[in-house]
Structures are given as structure tokens and as C-alpha cells.
Amino acid sequence: MFYYSMKKHDVVIIGAGIAGLSLSRSLEKEGIDFVTLEKRMEVGTYGPRIINLETLEKLSLPKENLIKAIRKINFYSPGGLIISKSDKSTRGYVVNLREIEMHLYNSIKEKNKIKLKQNVVDFDLEQHTVKLSNGQDIGFKVLIFATGVLGVKFRNKLRISHPKNVFVMRLK
């Protein structure tokens with residue numbers, strides 16, 4: 001007779017972008033059992049991003065990761081009005097997203113906790129499980145969606161119309 005043994009973790013994080021990797025690093029430092037599931041084949045999304053000074057400090061980014069200081073901010077209204085804020089103070093920086101994600105990934109000691117090519121296709125909040133595209137189930141005590149704006153299938157299941165409508169959503 002075969003008995004299926006499901007892997008269980010205190011925390012399951014879906015997504016290994018900035019939020020997922022940053023949380024992974026924090027959980028590792030605290031000694032909390034976690035696994036981070038990422039559908040991509042590698043860590044590191046390409047493209048520039050803008051981060052503010054507070055985020056820069058929290059991520060402990062090396063100075064060589066900073067591309068350009070932001071000193072002017074333009075706000076555009078739907079009616080065509082432009083409001084500009086400009087001064088000599090730096091408001092944030094343009095950075096390469098891949099470099100940020102690689103910096104976070106490299107700061108995690110237990111790389112085996114970051115599972116690449118693991119596409120989560122469903123979750124069950126009653127059973128405390130996520131289902132992967134390979135058929136494997138993983139159990140959790142806490143489930144965290146760090147999927148950004150691309151996590152549409154999860155938002156739909158949770159009846160969240162748009163990510164701007166949720167900062168933090170606590171279930172049960």
C-alpha cells in the first residue's frame with residue numbers, strides 16, 4: 001500500500017520577485033520554516049524600476065545597483081494637467097530589477113528554499129494546500145501571495161478586483 005506524504009511548511013510564498021525574496025530573506029533570518037515557489041526558470045526580471053529611499057535602505061542595495069537619482073516627479077491627470085515636483089533632494093533611484101532580485105536571492109543562505117519552475121495552479125484555504133502544475137501538493141500554515149499584478153488567477157479566486165484595492169488581505 002502507498003501512502004502519499006505531502007510536504008508541509010509554516011509559510012508558503014508564491015512568487016520570487018522583490019517582495020517574495022525580501023520576505024524569504026526575513027523569514028530565514030528569523031529561523032521560520034518557509035518555501036518560496038516561483039514559476040520562472042530563474043530569478044531576475046529584466047527592466048528598469050524606480051524605488052524610493054526607504055525601499056533602498058530596507059533592501060540594503062549596493063550603490064553600484066543604482067542607475068540614476070530621481071529628483072523630479074511629474075504627476076499627470078486624465079484631463080492633461082501636469083504637476084511637477086522638483087528640487088535638489090534625491091527622491092529615489094532608477095535601478096535594474098534583475099540586479100535587485102539577484103542581490104536578494106544571493107543574500108539567502110538556503111537557496112533550496114527558493115523553488116524555481118514551480119507553477120502554482122490552485123490553492124485550497126480550507127485544506128491549507130497549494131497545488132503545483134506537476135500535481136504535487138504543498139501544505140502551509142500561512143500562505144503569502146507575492147505575485148504582483150500578474151497574479152490575476154489568484155485575485156479572481158479571492159474575489160479581488162484589482163491589486164490596488166488590497167494592501168494586505170488576511171484570510172482566517
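See the structure above.
A short tour of the structure in this document, coming up. (Residues numbered from 1 in each chain as written. Predicted model: local features only at pLDDT ≥ 70, side-chain atom pairs only at ≥ 80, totals over all residues. Heavy atoms only, no water.)

**Let's talk about the sheet that holds strand β3 (residues 48-52)**
Inference 1: Taken together, three strands build an open sheet; the order of strands is β3-β7-β4 and the sheet is antiparallel. At either margin of the open sheet sits one strand with a lone partner, and together these are β3 and β4 (66-70). Taking the axes of each pair of neighbouring strands and ignoring which way they run, one obtains an average angle of 30° across the sheet.
Inference 2: The sheet contact formed by β3 and strand β7 (residues 92-96) spans five bridges and is antiparallel. The partner of Pro48 across the bridge, within β7, is Asn96.
Inference 3: Its contacts with the sheet place helix α3 (residues 97-106) against β3 and β7, and it is angled at close to 85° to β7. (Pairing = 2+ DSSP bridges. Helix = DSSP H or I, 4+ residues; strand = E, 2+ residues; numbered from the N terminus. Axes fitted to C-alpha atoms, helices over the stretch in contact; angles between N-to-C directions. Contact = heavy atoms within 4.5 Å.)

**Side note on α3**
Inference 1: Taken together, the buried positions of α3 are occupied by Leu97, Ile100, Glu101, Leu104 and Tyr105. The arc enclosing the buried residues of α3, seen along the axis, measures out at 130°, which places them on a common side.
Inference 2: Each element contacted by the buried residues of α3 is listed here: α1 (18-30), β3, α2 (53-59), β7 and β8 (114-115).
Inference 3: For α3, the capping residue at the N-terminal end is Asn96, with a side-chain oxygen 2.8 Å from the backbone nitrogen of Arg98. (Buried < 20%, exposed > 50% of the residue type's maximum accessible area, 1.4 Å probe, protein only. Arc of directions from axis to C-beta. Polar contact = N/O pair within 3.5 Å; in protein donor to acceptor, adjacent residues only side chain to side chain.)

**Focus: the pattern of salt bridges**
Inference 1: Evaluated as defined, the whole model comprises nine salt bridges.
Inference 2: Between Glu54 and Lys58 there is a salt bridge, and its shortest N-O distance comes to 3.2 Å. Within this pair, Glu54 and its partner Lys58 are both found in helix α2, separated by four residues, close to a single helical turn. Per residue, the accessibility class of Glu54 equals that of Lys58, and both read exposed. (Salt bridge = Lys/Arg side-chain N within 4 Å of Asp/Glu carboxyl O.)

Treat this as a map of the structure, not an account of what it does.
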